Amino acid sequence: MTQTNERVYTAANAGELREAVTRIVNEQSVTDMHTHLYAPAFGELLLWGIDEVLTYHYLIAEAVRASRIPYETYWGMSKPEQAAFIWQTLFVDRTPYSEACRGVVTVLNRLGLNPGDGRLEDFRAYFASQSVEDQVDQVFKAANLESVVMTNDPFDDLERPVWEAGAAVDPRFHAALRIDPLLNDWANAASILSARGYNVDAGFGGQTVAEVRRFLSEWIQRMKARYMAVSLPPDFNYPDDTPRSRVIRDCILPTAEEHGIPFALMIGVKRGVNPALKLAGDGVGIASVDAVERLCAKNPSNKFMVTMLARENQHALCVTARKFPNLMIFGCWWFLNNPVLIEEMTRMRFELLGSSVVPQHSDARVLEQVLYKWDHSRRIIAKVLADKYEDLVASGWKLSETAIREDAERLLGGAFWEFLS
Ligand code: HDL
Ligand code: ZN
């Protein structure tokens with residue numbers, strides 16, 4: 001609602017809108033609802049610093065492609081040698097205008113280091129002078145982050161002990177329970193759970209369903225998980241006669257409903273299309289939005305958050321979100337996290353869903369990446385929002401700064417928290 005004597009935008013002063021939208025979007029702190037960051041309590045699992053920024057798997061793929069370096073030669077190098085190789089290949093020998101490369105330039109620039117003619121040794125000296133706690137504070141402040149959601153995997157042998165030791169986790173780092181092995185590698189996950197004392201067998205005999213639900217509940221409570229999440233291949237279908245559908249139907253959905261948390265599905269990843277690239281070796285495939293429709297239609301008391309990896313799936317996913325209030329779509333995931341596709345998807349979502357969408361998440365794996373991922377995305381979100389506002393006031397609407405602020409708050413975290421509540 002409009003407050004007295006505040007600025008109001010109409011067709012007459014629409015030219016001033018863009019500046020106001022940019023200012024307000026930049027001032028609005030963000031909840032980054034899907035990352036691979038970890039609170040400092042998780043030690044080495046939190047990646048930060050220039051060598052980690054440069055050896056981001058997106059850049060490994062680009063450097064290996066550009067140089068045609070034999071895989072074993074690259075993997076035989078130490079982390080600093082890999083970082084130096086990537087810096088030389090993508091930033092010295094070539095112009096770094098790809099999105100992942102430009103991201104490194106933005107990170108260095110935002111930290112006050114001179115990417116243009118800076119040397120890797122100078123960057124390393126800067127990071128060596130920082131403590132991880134100070135770096136977290138500085139980066140969260142500079143990126144204007146309110147908090148992030150981690151990706152927490154109880155099947156990970158490095159991470160699990162930190163939770164079991166009851167470590168105090170920085171409240172800016174929320175947890176999400178990630179359960180890919182349970183849904184994508186059932187037989188192996190069943191034997192792991194059985195070895196850990198859950199009465200589970202791959203044939204779903206006896207107490208299996210109840211025991212899988214006990215496992216999920218224990219970890220949701222231990223982590224205070226905001227949601228449960230899984231990444232799924234392009235051929236994901238629901239329902240079908242696979243163990244995946246059985247675990248979703250009998251274990252995940254009733255447990256998510258019991259705890260009042262969403263189930264997040266990230267659909268369309270083809271794991272290991274080039275195993276030699278390791279983490280950088282995953283690809284993309286067009287998936288079925290029909291499965292999302294059936295999940296949402298059959299389970300009206302469950303909440304679903306969905307992001308899909310293929311550009312070709314985005315319009316149908318927006319339409320499906322219009323059909324199901326228990327579906328929140330989110331982010332421009334992975335290979336979609338590039339300006340051309342972020343703009344296309346954000347425009348489509350604003351025109352079909354208004355502010356009832358989570359337009360972006362960072363997927364950051366390295367702390368400093370939030371600096372570029374949010375700078376770059378805020379710019380595009382502000383541009384598209386200003387375009388839509390200009391269309392709106394041209395149709396006769398009166399737009400207050402309060403309304404712009406409320407929209408920005410909803411888009412940069414509010415819609416996510418409202419959906420969780
Ligand atoms: O499965 C996921 O959550 C993906 O985001 C993968 O972690 C992927 O490797 C990635 O980092 N994408 O940005
Ligand atoms: Zn991710």
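Residues numbered from 1 in each chain as written. Chains lettered and ligands numbered in written order. Predicted model: local features only at pLDDT ≥ 70, side-chain atom pairs only at ≥ 80, totals over all residues. Heavy atoms only, no water.

Right, let's get into the site of ligand 1. Near ligand 1, the surroundings consist of His34, His36, His57, Tyr58, Arg178, Ser231, Met266, Arg271, Trp333, Trp334, Asp363 and Arg365. At 3.2 Å from an oxygen atom of ligand 1 is found a side-chain nitrogen or oxygen belonging to His34. Within the side chain of Trp333, an N or O atom sits 3.0 Å from an oxygen atom of ligand 1. Compared with its free state, where it exposes 330 Å², ligand 1 has 98% of that area covered by protein. Per-class residue counts for the shell around ligand 1 are 4 nonpolar, 4 polar and 4 charged. (Near = heavy atom within 4 Å. Polar contact = N/O pair within 3.5 Å; in protein donor to acceptor, adjacent residues only side chain to side chain. Areas by Shrake-Rupley, 256 points an atom, 1.4 Å probe, with all protein chains shown as cover. Nonpolar A, V, L, I, M, F, W, Y, C, P; charged D, E, K, R; others polar.)

At the metal site, the zinc ion (ligand 2) is ligated by His34 (NE2), His36 (NE2) and Asp363 (OD), and these contacts range over 2.0 to 2.1 Å. Written as a sequence motif, the donor arrangement for the zinc ion (ligand 2) is H-x1-H-x326-D. When sorted by exposure, His34 lands in the same class as His36, which is buried. (Donors = N, O, S within 2.8 Å, 3.2 Å for Na, K, Ca; no water. Buried < 20%, exposed > 50% of the residue type's maximum accessible area, 1.4 Å probe, protein only.)

All right, on to the nonpolar core then. Grouped together as the largest cluster of nonpolar side chains are 155 residues, with contacts concentrated most on Leu182, Leu216, Met228, Phe263, Leu265 and Met305. Take this core: its biggest share by element is 12 residues, from helix H17 (residues 369-394). Among residues more than four places away in sequence, those in contact with Leu265 are Val230, Leu232, Phe236, Leu295, Phe304, Met305, Val306 and Thr307. (Core = buried A, V, L, I, M, F, W, Y, C linked by side-chain atoms within 4.5 Å. Helix = DSSP H or I, 4+ residues; strand = E, 2+ residues; numbered from the N terminus. Contact = heavy atoms within 4.5 Å.)

In the contact formed by helix H1 (residues 17-27) and H17, the axes pass within 9 Å of each other and the chain directions differ by 140°. What the angle tells us is that H1 and H17 run oblique. The handedness of the crossing between H1 and H17 is right-handed. Each of Leu17, Arg18, Val21, Thr22, Val25 and Asn26 in H1 lies in contact with H17, whose residues at this interface are Arg378, Ala382, Lys383, Leu385, Ala386, Asp387, Tyr389, Glu390 and Val393. By residue class, the composition of the contact of H1 with H17 is 8 nonpolar, 2 polar and 5 charged. (Axes fitted to C-alpha atoms, helices over the stretch in contact; angles between N-to-C directions. Parallel < 35°, antiparallel > 145°, perpendicular 65-115°, else oblique. Left-handed = near helix turned anticlockwise from the far one by under 90°.)

This part covers the sheet that holds strand E4 (residues 173-174). As summarised here, the arrangement of the 3 strands in space is E2-E3-E4, forming an open sheet in which the pairing is parallel. Of all strands in the sheet, those with a lone pairing partner are strand E2 (30-32) and E4, marking the two edges. As judged from the 2 bridges shared by strand E3 (residues 145-149) and E4, these two strands associate in the parallel manner. The residue of E4 that forms the bridge with Val149 is His174. Relative to E3, helix H8 (residues 132-143) is tilted by about 110°, and along the sheet it contacts E3 and E4. (Pairing = 2+ DSSP bridges.)

This part is about the pattern of salt bridges. Counting across every chain of the model gives 32 salt bridges. Salt-bridge contacts for Arg405 lead to Glu401; the nearest nitrogen and oxygen are separated by 3.5 Å. Taken together, the positions of Arg405 and Glu401, both in helix H18 (residues 401-420) and 4 residues apart, correspond to about one turn of that helix. Taking the relative accessible area as the measure of exposure, Arg405 reaches 35% and is therefore partly exposed. Glu401 sits in the buried class, given a relative accessible area of 10%. Connected through salt bridges with shared partners, the residues Arg18, Glu343, Arg347, Lys383, Asp387 and Glu390 form a single ionic network. (Salt bridge = Lys/Arg side-chain N within 4 Å of Asp/Glu carboxyl O.)

To continue, consider the packing of aromatic side chains. Summed over the entire model, instances satisfying the criterion amount to 16 aromatic pairs. Pairing Tyr198 with Phe215 gives two aromatic rings, centres 5.5 Å apart and planes at 85°, and the pair type is edge-to-face. You can see Tyr198 sitting in the loop between helix H11 (186-195) and helix H12 (208-223) and its partner Phe215 sitting in helix H12, a full 17 residues away along the chain. Each member of the pair, Tyr198 as well as Phe215, is classed as buried. (Phe/Tyr/Trp six-rings, centres within 6.5 Å; stacked < 30°, edge-to-face > 60°.)

With 12 residues, H8 extends 16 Å between its outermost C-alpha atoms, agreeing within 8% with the 16 Å of an ideal straight helix rising 1.5 Å per residue. Positive phi shows up at Asn144, right after H8, with a value of about 55°. (Expected span 1.5 Å × (residues − 1).)

Right, let's get into the state of the cysteines. Taken as a whole and judged by the stated rule, the model has 0 disulfides. Cysteine Cys251 is unpaired, with the sulfur of Cys296 as its nearest cysteine sulfur at 19 Å. Judged by relative accessible area, which is 1%, Cys251 ranks as buried. Here Cys296 stays free of any disulfide, with the sulfur of Cys318 as its closest cysteine sulfur at 14 Å. In this structure Cys296 comes out as buried when scored by relative accessible area, which is 2%. (Disulfide = S-S within 2.5 Å.)

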